[in-house]
Amino acid sequence: GIQVEQSPPDLILQEGANSTLRCNFSDSVNNLQWFHQNPWGQLINLFYIPSGTKQNGRLSATTVATERYSLLYISSSQTTDSGVYFCAVEDPRANAGKSTFGDGTTLTVKP
Amino acid sequence: DAGVTQSPTHLIKTRGQQVTLRCSPKSGHDTVSWYQQALGQGPQFIFQYYEEEERQRGNFPDRFSGHQFPNYSSELNVNALLLGDSALYLCASSLIGDGPGEQYFGPGTRLTVT
């Protein structure tokens, strides 16, 4: 099956700093989503981005499907951005709705 | 618009017991997928229900089974619980329609097996 690698595994920033999180995947994908998992375990949808670039406030994401990677940009980070960020992809050889997740990037934003 | 809901929030069981977790999908969605998330790892796909049938399954033993009801809600059952089954269980819903779409997750059920 598809392998998903996220980097870096851990990231510590000062409030106000910018960051880039990366997701590499081993094969072509049908779907790619970025999630933020809060301390209570809730996965919050950030982007549904199988290709192209999207922006939502201080966050933006780019997926280059032909090169099998996606990037999540966080600008002017805030302490509330802390948590684990996951990338999840869907294998076109499987039925829709089966996602493979990376192991996540744990972001800590210090005041 | 109600999002994905799960119950219970927390559960403590003893080895060998059986447990049932419940999930109601987001309004308008027809497909429910279940994931297991161990501490420090990403969620792992257990199985998916669509049109009241198991549509696809991950690498989990038969002790894990499920059901989908006509109103699209779903249950996850785990028999003969092991200590290793302790995890956060997440339910995701989506609208399969003609192909892949965005998945939305519930708040999860944290299962502790002692």
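Scroll up to find the structure.
Residues numbered from 1 in each chain as written. Chains lettered and ligands numbered in written order. Predicted model: local features only at pLDDT ≥ 70, side-chain atom pairs only at ≥ 80, totals over all residues. Heavy atoms only, no water.

Secondary structure assignment for chain A yields zero helices and 11 strands. Secondary structure elements in chain A, listed N-terminal to C-terminal, are β-β-β-β-β-β-β-β-β-β-β. By the compact-globule yardstick of 13 Å for 111 residues, chain A fits well, its C-alpha radius of gyration being 13 Å. Overall, chain A is about 45 × 25 × 20 Å in size when its C-alpha atoms are taken along their principal axes. Counting across all 111 residues of chain A, residues that qualify as buried make up 47%. (Helix = DSSP H or I, 4+ residues; strand = E, 2+ residues; numbered from the N terminus. Rg over C-alpha atoms; globule rule 2.2 N^0.38 Å. Buried < 20%, exposed > 50% of the residue type's maximum accessible area, 1.4 Å probe, protein only.)

This paragraph deals with the packing of aromatic side chains. Under the definition given, this model contains nine aromatic pairs over all chains. When the ring of Phe60(B) is compared with that of Phe64(B), the centres are 5.2 Å apart and the planes differ by 70°; the resulting orientation is edge-to-face. Phe64(B) carries the same exposure label as Phe60(B), and that label is buried. Three or more aromatic residues link up through ring pairs in this structure, and these residues are Phe35(A), Phe86(A), Phe101(A), Tyr35(B), Phe45(B) and Phe105(B). The residue whose ring lies beneath Lys26(B) is Tyr104(B), and the NZ or CZ to ring-centre distance is 5.0 Å. Note that Arg55(B) overlies the ring of Tyr50(B), its terminal NZ or CZ placed 5.2 Å from the centroid. (Phe/Tyr/Trp six-rings, centres within 6.5 Å; stacked < 30°, edge-to-face > 60°. Lys NZ or Arg CZ within 6 Å of the ring centre and 35° of its normal.)

With 22 residues of chain A at the contact, the number on the chain B side is 25 residues. Across the chain A to chain B interface the summed buried area is about 1800 Å²; carbon plus sulfur atoms make up 48%. Here chain A and chain B share zero salt bridges between them. Sorting the residues of the side of chain A that touches chain B by element identifies strand S4 (31-37), strand S5 (43-48), strand S9 (83-90) and strand S10 (99-101) of chain A as the ones contributing at least two each. (Contact = heavy atoms within 4.5 Å. Buried area = accessible area lost by both parts, 1.4 Å probe. Salt bridge = Lys/Arg side-chain N within 4 Å of Asp/Glu carboxyl O.)

Residue and element names in this part refer to chain A. With respect to the helices and strands, the residue Leu 59 is situated in strand S7 (residues 59-64). Between the alpha carbons of Leu 59 and Ser 77 there is a distance of 9.4 Å; along the sequence they are 18 residues apart. Excluding residues that lie within four positions of it along the chain, Leu 59 makes contacts with Leu 46, Phe 47, Tyr 73 and Ile 74.

With respect to the element layout, Ser60(A) can be found in strand S7. Non-local contacts of Ser60(A), meaning those with residues more than four positions away in its chain, are made with Phe47(A), Lys54(A), Gln55(A), Leu71(A), Leu72(A) and Tyr73(A).

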